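Fold and geometry: a report
Each chain, letter by letter, is given below.
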Amino acid sequence: MSSSSSTVTGEEKFRQSETAISGDLTAPNISTEAIAFSSGNPRIEETRGVMHLLSNDSLSTLSVERKPLVCVLGVPNHMTYADFCQFCASFIHHILEMRIVRNDGMEDRYSVLIRFDSQDSSDKFYHHFNNRQFNSLEEEACRVLFTVDVQFTGYTGSLDHVQSSPASSTEQPSCPVCLERLDQDASGILTTICNHSFHCSCISKWTDSSCPVCRYCQQQPEKSTCFICQTSENLWICVICGFVGCGRYKGGHAIIHWKETQHCYSLELETQRVWDYAGDNYVHRLIQSKTDGKLVELNSHCLHANDGSGSCNCVDSGNSEAILSCEAEIVNEYNELLRTQLENQKLYFETLLQQDNEETKRAIADTVNKAVMQKRQKMQAKLERCVKEMRFLEDLNENLLKNQEMWKAKLLEVEERENKCLRLKDDKIQALEEQLRDLMAHLEAGKEVEQLSISNEINDSSVLPMPLEPSLRKEEKDYKNQRNS
């Protein structure tokens, strides 16, 4: 703590809320790790400190020395305050205060100190979110550690920008969004990385990554690097397509880009000078002075130049009027050169586009031919199968026709045999009927003769019965055999 005046600084505000939960760092069987942090807008103020966290080795079983204060380490910078509030929305009603801080050596991440209303809430938060992914599309996981103590080591900046503490003021500060009092009991408080405090419910509606008050953004702009070798020294950017490459005294990727694309104009990021690779010289003769913003003559061998880039901040007062009079002519010359280069680039890209169109047409034609050949092969195979099936059906039909004729002949033969048998049967029946008729007549005649003989015998007692003819006896015998069979 670096404040010696009566004004309560921003880090004292957070320390007052942590007085009751600070742990004893000298307690036995406690393995802690110290991580330096900072907060605040570096252009206005900056608060530095150290937080002591329980290491993962001591968290195999929850330590009795833990406090309702946790730290979420390594939150990606692309997660805004609203994203983080949504991530831990299930515990937002148990959070009293959240503070966003920066960790040394982690430029693309930030950490969050969270104080809960009870130890049980902090334990549940730890079990629920530790090693859990921030979202399903990224592999980065949430790392939660219990915080033993938070120590503020220094403060830089003007005291005019320091927020007063609620404990040292008769009036509580208000939320800049809803203008309501920042009461921890009523709603959780979130302090951004620039030391501005809001209600969690209010900041969760702010989808931007910047602060609603000072517009300080936690995502700092990235430094330009060479697209090929990732170096950040002696960089040149193509004024046509924006390619960033290193100079010829490094990897030479800028000049390689010119040889590949014929983009001959490149801007040096350090001196803002444009180099013409085709003419092997700088395009313009004037540069902008860093002192007064005027255009001055470029003197690469100026004695006052001390940065090694060949630029100078000096202004020749005798030549300033002549230089300004030539400004319009130089601008016109630069515009003409740029127009010519753009026309050349237009022709170059039209050629590339034509080549791409021709390659696309060839690829489409090859694809169509390949598809037609495949379809033709499939149709040919299908035709062969159909022909084979047709031949099989023709053979089958021919065999069936032959079988039909054969069965017709057999049927006629069977019918003839049946008709012949019927005729024979009818003839035989007719013959049998005639025999039966003759037999009946013979039997009747025999009965009459017998009756006559009996009567005559009675009359004269000397008449003898006459025997039957052999033919009639044979017929009777045959008739009996047929009936028995």
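Report follows, based on the coordinates. Note that the structure is a prediction, hence the values are computed from the model and not measured. (Residues numbered from 1 in each chain as written. Predicted model: local features only at pLDDT ≥ 70, side-chain atom pairs only at ≥ 80, totals over all residues. Heavy atoms only, no water.)

A word on the overall build of the protein chain
We apply this condition: Secondary structure counts use DSSP, requiring at least four H or I residues in a row for a helix and at least two E residues in a row for a strand, with both numbered from the N terminus. Buried, partly exposed and exposed residues are distinguished by accessible area as a fraction of the type maximum, computed with a 1.4 Å probe on protein chains only: under 20%, between the cut-offs, and over 50%, respectively. By definition, residues are in contact when any of their heavy atoms lie within 4.5 Å. Only the protein chains shown count as cover for residues, and the accessible areas themselves come from Shrake-Rupley with a 1.4 Å probe.
Along the backbone of the protein chain there are eight helices and 16 strands. Looking at the protein chain as a whole, 33% of its 485 residues are labelled buried. Sequence-distant contacts, at least 24 apart, represent 57% of the contacts inside the protein chain between residues at least 6 apart. Carbon and sulfur atoms make up 52% of the accessible area of the protein chain, which amounts to about 31,700 Å² in all.

A closer look at the side chain of Asn103
When you line up the elements, Asn103 lands in strand β4 (residues 95–103). Residue classification places Asn103 among the buried residues on the basis of a relative accessible area of 5%. In this structure Asn103 touches Ile35, Ala36, Phe37, Met51, Leu73, Tyr110 and Ser111, once residues within four positions along its chain are discounted.

Observations concerning the nonpolar core
To keep it simple, the criterion reads: As used here, the term nonpolar core means buried Ala, Val, Leu, Ile, Met, Phe, Trp, Tyr and Cys residues forming a set that is joined through side-chain atoms within 4.5 Å.
Val72, Phe84, Met98, Val112, Ile114 and Phe125 are the most contacted members of the largest nonpolar core, which totals 39 residues. Breaking this core down by element, the ones donating at least two residues are β3 (69–76), α2 (81–87), β4, β5 (109–116), α3 (119–129), β7 (141–157), β8 (189–191) and α4 (200–203). Ignoring sequence-local partners within four residues, the contact set of Met98 consists of Phe84, Cys85, Ile92, Val112, Leu113, Ile114, Ile189, Leu190, Thr191 and Cys200. If you look at the next biggest cluster of nonpolar residues, it comprises twelve residues, including Phe37, Met51, Leu113 and Val150.

Digging into unusual backbone geometry
One non-glycine residue, Gln262, adopts positive backbone phi at about 65°. Its location among the elements puts Gln262 in the loop between α5 (253–261) and β12 (265–268). The exposure class of Gln262 is partly exposed, given its relative accessible area of 43%. A positive phi angle is found at Asp280, which is not glycine, with a value near 55°.

Notes on a nonpolar patch on the surface
Selection rule: Only residues whose relative accessible area exceeds 30% and that take part in no salt bridge are eligible for patches, with like-charged residues grouped when within 9 Å of each other and nonpolar side chains (Val, Leu, Ile, Met, Phe, Trp, Tyr) grouped when within 5 Å. Definition used for salt bridges: Asp or Glu carboxyl oxygen within 4 Å of a side-chain nitrogen of Lys or Arg.
A surface patch of nonpolar side chains, amounting to about 410 Å² of accessible area, comprises Phe392, Leu393, Leu396 and Leu400. Residue placement: Leu400 occurs in helix α7 (residues 327–460).

A closer look at the environment of Gly105
Looking at where Gly105 falls in the secondary structure, it is placed in the loop between β4 and β5. For the pair Gly105 and Ala36, spaced 69 residues apart in sequence, the C-alpha separation works out to 9.4 Å.

With respect to the pattern of salt bridges
All told, the structure shown has twelve salt bridges when counted by the stated rule. Here Arg143 and Glu33 are joined by a salt bridge, their closest N and O atoms 3.2 Å apart. Of the two residues, Arg143 is situated in strand β7 and Glu33 in strand β1 (residues 32–39); the sequence distance between them amounts to 110 residues. Through salt bridges with shared partners, one network takes in Glu46, Arg48 and Arg102.

Observations concerning the pairing of strand β2 (residues 45–54)
Here is the rule we go by: When DSSP finds at least two bridges between two strands, those strands are taken to pair.
Most of β2 sits out of view: eight of its ten residues are buried. Sheet topology note: the β1/β2 ladder contains eight bridges and is antiparallel. Each residue of the ladder has a partner; that of Ala36, found in β2, is Val50. Taking the residues that link successive antiparallel strands as the turn, the β1-β2 hairpin has five residues, and the phi of Gly40 there is positive, at about 100°.

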